[in-house]
Structures are given as structure tokens and as C-alpha cells.
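Analysis of the macromolecular model
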Number of protein chains: 2
Amino acid sequence: MTLHISQKEVFQAMRQIKHPEIKSRNLVELGMIPTVIVQGDRINITLALPSLDVPIKQELIDMVKQAVAGLAEGLQVEIDLTEMGEAQKVVFHNAFRAEMQVMPKSGVRIRHVLAVMSGKGGVGKSSITALLASELRRRGFKVGVLDADITGPSIPKMFGTHQQPEGGSEGIQPIASRNGIKLMSINFLLPDENQPVVWRGPLISRAIQQFWSEIAWGNLDVLFVDLPPGTSDASLTVMQSLPLDGIILVTSPQDLAGMVVRKAANMAAGLSIKLIGIVENMSYLLCPECGAKINLFGASHAGYTAERFGTSVLGYLPLDPLISTLCDEGNIEIYQSEIFKGITNLVIGQAQIEEREEK
Amino acid sequence: MTLHISQKEVFQAMRQIKHPEIKSRNLVELGMIPTVIVQGDRINITLALPSLDVPIKQELIDMVKQAVAGLAEGLQVEIDLTEMGEAQKVVFHNAFRAEMQVMPKSGVRIRHVLAVMSGKGGVGKSSITALLASELRRRGFKVGVLDADITGPSIPKMFGTHQQPEGGSEGIQPIASRNGIKLMSINFLLPDENQPVVWRGPLISRAIQQFWSEIAWGNLDVLFVDLPPGTSDASLTVMQSLPLDGIILVTSPQDLAGMVVRKAANMAAGLSIKLIGIVENMSYLLCPECGAKINLFGASHAGYTAERFGTSVLGYLPLDPLISTLCDEGNIEIYQSEIFKGITNLVIGQAQIEEREEK
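Residues numbered from 1 in each chain as written. Chains lettered and ligands numbered in written order. Predicted model: local features only at pLDDT ≥ 70, side-chain atom pairs only at ≥ 80, totals over all residues.

Turning our attention to the overall build of chain A. Secondary structure summary: chain A contains 11 helices and 15 strands in total. Principal-axis analysis of the C-alpha atoms gives chain A an extent of 90 × 50 × 45 Å. Residues counted as buried form 48% of the 359 residues belonging to chain A. Nonlocal contacts in chain A, meaning residues at least 24 apart in sequence, comprise 77% of its contacts between residues at least 6 apart. (Helix = DSSP H or I, 4+ residues; strand = E, 2+ residues; numbered from the N terminus. Buried ≥ 20, exposed ≤ 12 C-beta atoms within 10 Å, placed from the backbone. Contact = placed C-beta atoms within 7 Å.)

An α-helix turns once every 3.6 residues. As a result, residues three or four positions apart point the same way. Residue and element names in this part refer to chain A. For helix α1 (residues 7-15), the complete set of buried residues consists of Val-10, Ala-13 and Met-14. Down the axis of α1, the buried side of the element spans an arc of 100 degrees, and every buried residue falls inside it. Those residues of α1 hidden inside the fold are in contact with β1 (36-39), β2 (42-49) and α2 (57-69). (Arc of directions from axis to C-beta.)

We now examine the packing of helix α4 (residues 125-138) of chain A against helix α11 (residues 338-350) of chain A. Residue and element names in this part refer to chain A. The N-to-C vectors of α4 and α11 enclose an angle of 80 degrees; their axes lie 10 Å apart at closest approach. When the axes of α4 and α11 are compared, the pair comes out roughly perpendicular. Between α4 and α11, the contacting residues are Leu-131, Leu-132, Glu-135 and Leu-136 on the first element and Phe-340, Lys-341, Thr-344 and Val-347 on the second. For the contact of α4 with α11, the class distribution of residues is five nonpolar, one polar and two charged. (Axes fitted to C-alpha atoms, helices over the stretch in contact; angles between N-to-C directions. Parallel < 35°, antiparallel > 145°, perpendicular 65-115°, else oblique. Nonpolar A, V, L, I, M, F, W, Y, C, P; charged D, E, K, R; others polar.)

Moving on, we come to the relation of the copies chain B and chain A. Superposing chain B onto chain A takes a rotation of 180 degrees plus a shift of 0.1 Å along the axis, which leaves an RMSD of 0.1 Å. Here the copies are linked by what is in effect a two-fold axis. Both copies present the same face, since 98% of the interface residues in chain B are matched by interface residues at the equivalent positions in chain A. (Least-squares fit on C-alpha atoms with pLDDT ≥ 70 in both.)

For the rest of this paragraph, the subject is the interface of chain B and chain A. Taken together, the contact pairs 53 residues of chain B with 52 residues of chain A. Those elements giving two or more residues to the side of chain B that touches chain A turn out to be α5 (155-159), α6 (201-213), α7 (233-241), α8 (255-270) and α10 (321-329) of chain B. Tallying contributions element by element places α8(B) first for the side of chain B that touches chain A, with nine residues. Here the residues of the side of chain B that touches chain A sort into 25 nonpolar, 18 polar and 10 charged.

The strands that make up a sheet pair up through hydrogen bonds in the backbone, lying either parallel or antiparallel. All names here are of chain A. Taken in spatial order, the eight strands make up an open sheet running β8-β9-β5-β10-β4-β11-β12-β15, and their pairing is mixed. Whereas interior strands pair on both sides, the edge strands pair on one side only; in this sheet they are β8 (175-176) and β15 (313-316). Where β8 meets strand β9 (residues 182-184), two bridges bridge the pair, whose relative direction is antiparallel. Each residue of the ladder has a partner; that of Ala-176, found in β9, is Lys-182. Lying over the sheet, helix α8 (residues 255-270) contacts β4 (109-117), β11 (246-251) and β12 (275-280), oriented at roughly 170 degrees with respect to β11. Along the sheet, α11 makes contact with β11, β12 and β15, crossing β15 at roughly 170 degrees. (Pairing = 2+ DSSP bridges.)

All names here are of chain B. Ordered by their spatial adjacency, eight strands build an open sheet running β8-β9-β5-β10-β4-β11-β12-β15, and the pairing between neighbours is mixed. At either end of the open sheet lies a strand with only one pairing partner, and these are β8 (175-176) and β15 (313-316). Helix-sheet contacts for α8 involve β4 (109-117), β11 (246-251) and β12 (275-280), and the interaxial angle to β11 is about 170 degrees.

Residues and elements named next belong to chain A. Along its sequence, chain A is carved into domain 1 (7-98) and domain 2 (105-350). The interface of domain 1 with domain 2 comprises six residues on the first partner and four residues on the second. For the side of domain 1 that touches domain 2, the per-class residue count stands at two nonpolar, two polar and two charged. (Domains from an automatic or database assignment.)

All right, on to the packing of helix α6 (residues 201-213) of chain A against helix α7 (residues 233-241) of chain A then. Helix-helix packing is characterised by the crossing angle of the two axes and by the distance between the axes. Residues and elements named next belong to chain A. Between α6 and α7, whose axes approach to 9 Å, the crossing angle comes to 40 degrees. As judged from the angle between their axes, α6 and α7 are oblique. The chirality of how α6 crosses α7 is right-handed. The segment α6 lies against α7, with Gly-201, Ile-204, Ser-205, Ile-208 and Gln-209 engaging Asp-233, Ala-234, Thr-237, Val-238 and Ser-241. Counted by class, the contact of α6 with α7 contains four nonpolar, five polar and one charged residues. (Left-handed = near helix turned anticlockwise from the far one by under 90°.)

Okay, the confidence of the model for chain A next. For chain A, the mean per-residue pLDDT works out to 93, and 98% of the residues sit at or above 70. For this predicted complex, the interface score ipTM comes out at 0.88, alongside a pTM of 0.90. (pLDDT = per-residue confidence, 0-100.)

Residues and elements named next belong to chain B. Within β11, five of the six residues are buried, which leaves it mostly tucked inside the rest of the structure. By the bridge criterion, four bridges tie β4 to β11 in an arrangement that is parallel. Paired with Met-117 across the strands is Leu-249, a residue of β11. Bridge analysis of β11 against β12 gives five bridges, and the strand direction is parallel. Note on β12: the bridge partner recorded for Ile-247 is Leu-275. For the crossover from β11 across α8 to β12, the handedness is right-handed. (Right-handed = clockwise from strand over helix to strand, strands pointing away.)

To continue, consider helix α3 (residues 86-100) of chain B. Here α3(B) spans 21 Å end to end across 15 residues, near enough to the 21 Å set by a 1.5 Å rise per residue. The secondary structure elements touched by the buried residues of α3(B) are α7 of chain B. (Expected span 1.5 Å × (residues − 1).)

What follows concerns the environment of Val225(A). All names here are of chain A. Tracing the sequence through the fold places Val-225 in strand β10 (residues 219-226). Spatially, the C-alpha atoms of Val-225 and Asp-62 are 37 Å apart, while their sequence positions differ by 163 residues. What Val-225 contacts, discounting residues up to four positions off in sequence, is Val-113, Ala-115, Val-116, Leu-146, Ala-148, Val-238 and Leu-242.

Next up on the list: unusual backbone geometry. All names here are of chain A. Of note, Ser-272 is a non-glycine position whose phi angle comes to about 55 degrees, a positive value. Here Ser-272 shows up in the loop between α8 and β12. One non-glycine residue, Met-282, lies in positive phi territory at about 55 degrees. Secondary-structure assignment places Met-282 in the loop between β12 and β13 (285-286).

Written out as C-alpha cells, the structure is:
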């Protein structure tokens, strides 16, 4: 018995399958069904995934099988899983982000959104976010910082700001630092900074989305997003629902930190997000007594990581005890160093942040 | 019109309400309804919560209102929210944990479960977990380490272990370190340690529960749980579903770190979990050239935090570059120091880890 199912009919059935997470698109449109081969009652379908370990893999396989089963009885379906090529991944992830993206308030105009990430905690993401924001502000740019670390927020303390944000007709107003950097952090909303935010993932994600969509950020040249450690809800939400221009990775010389940072880089690469470059923090310490250069965390691994991901090291920062003191005092904005100016120049170049005529 | 609803009837209705998260108990049993006052058709109910910002607050209020509405028409219900007293919180959280707890494999016997936490990343939780485990092992105790940091696991690299765990009739076997510490970490399950684990909260929680319930830990004196930064899914799952004896907090001198650590301490206190004490890491550095004592991260705030939470500082550890080198080499087990022996003594005392006759 020949069942006379054509390749075209199979493709047509695949077009009926909406992606469970990208509900406005079907599997064919998303490039997930590159080939269909029909031989009598045997059908071979290639299912292309952005990564072979996507959590909804089985769900997709079941949907494909069910759609084919609906065409005729007795069909044998074989599904070959494959990973999308790089170009196809970009198309897929752009469709995904278009679906997930939350819109900012009307009237908000943000030219560049840069996330600062490391995967690893305690390597200085927040310090580097604050220093980059401060240096760009000093050069006349309009800058904001969205503190996406909901359970361990550092930004308010570093800038010495404690006000409660106020709502207005245009949305909730961010808090301005002394030099006019616009800040938003969960700690502004807590009666006591020592109060924990014991939330599971969905609430964390929603808070981050609201910091993007309900804050009257106004007109910004650059918004920095300070990510928490890890590659779970907060990072995923920022990468999926904010229009990121790219990610600045922060690492320390330790290979243990490097390993976790490479996890973060792999996550960003897997979601087709550009790496602006890597900042190695706490590279060394100059002894304040004798001037000796002390390698606190062993030899550097940043070059290896940068090469592996086709990006560059933006700079190597020493551990400067002054930074920690200024953070505790809420005075991070006044810190300047030649090394950091160089890093800022490279970020401006890599992220193509244009000089503004009217500052 | 008098409706003749008695206080007893209202309490009876409250007994019909199962707690949404502690399904085997009703609100009265859990001490959540301390008072009911009936005056004609007006009913005042006090609803006692373990914390005034529990996420299911509204759900509980609605359940109480609905239950009263079921008694008679036209009743006016007023609900006063209050926070439970400390003793009641302990009862409540014990019931909660009894409900949430996942059981270990049969044949597993673990005398003490101690979590190492900081809230903040990069202050040395994993190093201190590894050093405590190594020191206790050196003294003859049977020790395990459950790496609850799913997105940034450090334990395998520190111990230089890379095997794939194997299943057996008794469950999945943990990986033994050179000195016989039993280890379990997500990185043992990944083909490449640089591969990210891009999971949202529920999967993170499930992995941690499985590391507890499906691993053939055998007979252990102490299992250390190395927590990730933050007070979200991983920490919550460990605190709610593992029978913790207590928490060792790790901090650094920086007040910025201290603030986040105090969030963690507040979370533990809010869930009625004992604080064993605080270890301050990276307290200072001795210059290898001139011997000068350098305060890398400002003046210590650990004493302030300890006092605030009625616990003690277990010790102040210097930043020793050798630790970072040993971690990268996978040789953390060989590190010893007098300061760390003192910290271990205090942990043994505080957690009441008994000396074993047969080691």
C-alpha cells in the first residue's frame, strides 16, 4: 500500500506547528525544518535546534510526530536532530527576542544597551559597570545603570544613593547619581538595604522586565545592565527580553573564575549576542609599602578565553583597595585611572558609541 | 438580624483550609489563626504569617474570606495581618520543611548537614567549603560536599576530579576526592566544564533535590552544601527541602559584601535556620616581598554583622595566593593553616559534630 503523502504535505503540516515559545512563528519559518524526505510511508524529518540541549526538545519532537500522524495512519516517522548553523541561529534568536521583548515607556530613547556579565560572582561586575558609567558620564554621555542583580544589588551603595523612586505621568523616575547617572535597583524599593529578596525565578524575571519597561529612562546614550552571577533566570531574561547591543565580560585571573566566565560566554554565543570584550579585574596588586607587583590570583587566563570566543581583552585592572573604599563610601564616581580610560575607549569603539554633538 | 455565627464555627471553617504549600496541615494547626472575634455579623480574624511579605499572602487572605463567606451570607470579615512570634515561626518552618523535604536514598546516613552561604559571589564560599571538608577529613571524619551551585560550580575543579558518576543498585555514586571526600556537582555531568547550564529556577531546584535524594552518599559525619550567590531558587530549595543543621556565612571585609551577606543572614533567620557563625575571608594580605599587612577591602565589618545576628565570627582568613593556585591545580585538599584549623575547631563545636570512636 502506498500512502501518497508528498513532501509538500509534510511541510504544510510543519507550517501548522507554532513554536511553543515564539507563538507568532511556525517551525518552517524559524528554519527548524531544513529537510523532509518521503519514501513511501517512511518520512524522515530533520529538526534543527538552536542548541541540542534546549529544554523543550522533547516537546518539539512530540509536536512534529503528532502533526505527521494527523496526515494519515500508519506513517513511520523518523526525526533527526541537528544543530542550526550560525547564520540560522541569529535569525532564530532575533525572532525569539522580537517575541519576548518588552517595550520601554513611550518617550524613552536608549541608543545602546550593554550588559556587564561574568557568570562568576565577586569578580567586580558592579564596580566595572559603575566605573564605565562614570567615565562615560564624565565625557558628557547620557548614561543609565539598570541593576539586574535582584538578590545581591550593589549599585545604590556604590553611588551613595538611597532615595525612593517616585512615579510620575511618564513612569517611575530613576534615581540620579551626583553626576547625573540614572540608576534603578531593587534596593531603592526596600525599606532596609539588608532585607533579603527571597524570590523564585519568575518574580526575578518580572522585576528586571519592569526595570526596563516601566522606568522613565528618558534619553540615554548608553544603558548598562549589571547582571548577577549565574546563567539562570536573570541572565536569560536580560538576554531574551532586552535589546542588547552586546556583553562585556568580567573575569579574574583565576582559571576557576575563567571556567565560569566561559560558561557565560558560551551562553551569550548560544543566544547570538555579541561579546564586546573581556575585562580582567584584580589582575595584580601593587604593594603600597614596597611597590612589589603581587599576583593575587595566579597567572592570567583572560587571553585564552578571549581567543576562544573570538573577542579581545579590553584591559587588565589591578586590585586597587581605593575602589573598595570608594564603593563603601558611595563615592565610586570620583575614581579615575589611566587603565580604565583605555578600557572605556575600547568599549566606545567596539560598541560603536557615537560622540554626540550636543552633550 | 443576628446571624448567630460562633467563634467556634469560624475556627472550624479555618481548620478546613489547607495551607497551599503545606498541604497536610490546616491554618489553625500551623498557628496562623491566633484570634477570631465575632460580634454579631462582624468577624475579625487575625492571620499570622511567618513574614509579612510572603508571596502567597493575598492567596491566603482570599482563602480565609471565602471560607467565612461559606458560613453564612452577609457576614463582614476583617482580616488583620500579623507576623508570627519567633517560637511560632520555628514550628511553622519545621512543618514547612517536613512537607518539602525530599528523602535520601535508603541506606544513606548523614549526621550533620551544613550549608556554606554568603549571598554575595566571589567571597570564597567554595574555597571555605573545600577547606572545611578537607580539614575534617584529615581528622578522620567521613565528609561529603554537595555543590548546589548549578550555574557556577567550583567544587570539581578545586578537587581536581573530572569523572562521570556511575549509577548502581544503591543510586548514583558520588565522586571520591583523593582523600576520600564524596563529591557531587553538575559539572561531573557535563561533557565540557565550560558548557553553561542555562536553566530557569525550577530545573535548578530539581537538580539540587536530586543531588540530595538520588546520590548514594552512604554513611557521612558531615555533608557540606556549597550554595551559589543569591537568595533565590537554589538557596530557598536548600533551606526548605534539606534537613540543615545550620549555615556558615562567608563574607569579606567590604561593607558592600557585608550588606549582601546580611540579606542572606536575614533570609536564614526568617526561615528559622541556625547560624553557625561567620568566616571573614580575604581579610588582609601579607606582601610576599616585604611582609606588610595590606587591607585589600577596607576595615572589617564581620563583627558588626555577627553581633547583629547573635552569632560569632569564626575567624579572619588572609587572602593567600597559594589557595587560588591550589584551586586551579585541583589540589585544594593539601592546604593547611593554623587559622583554618581554629575555624574548623569552632565549627565542630558550634555544630556539635561528635568525635567518632571508630574513624
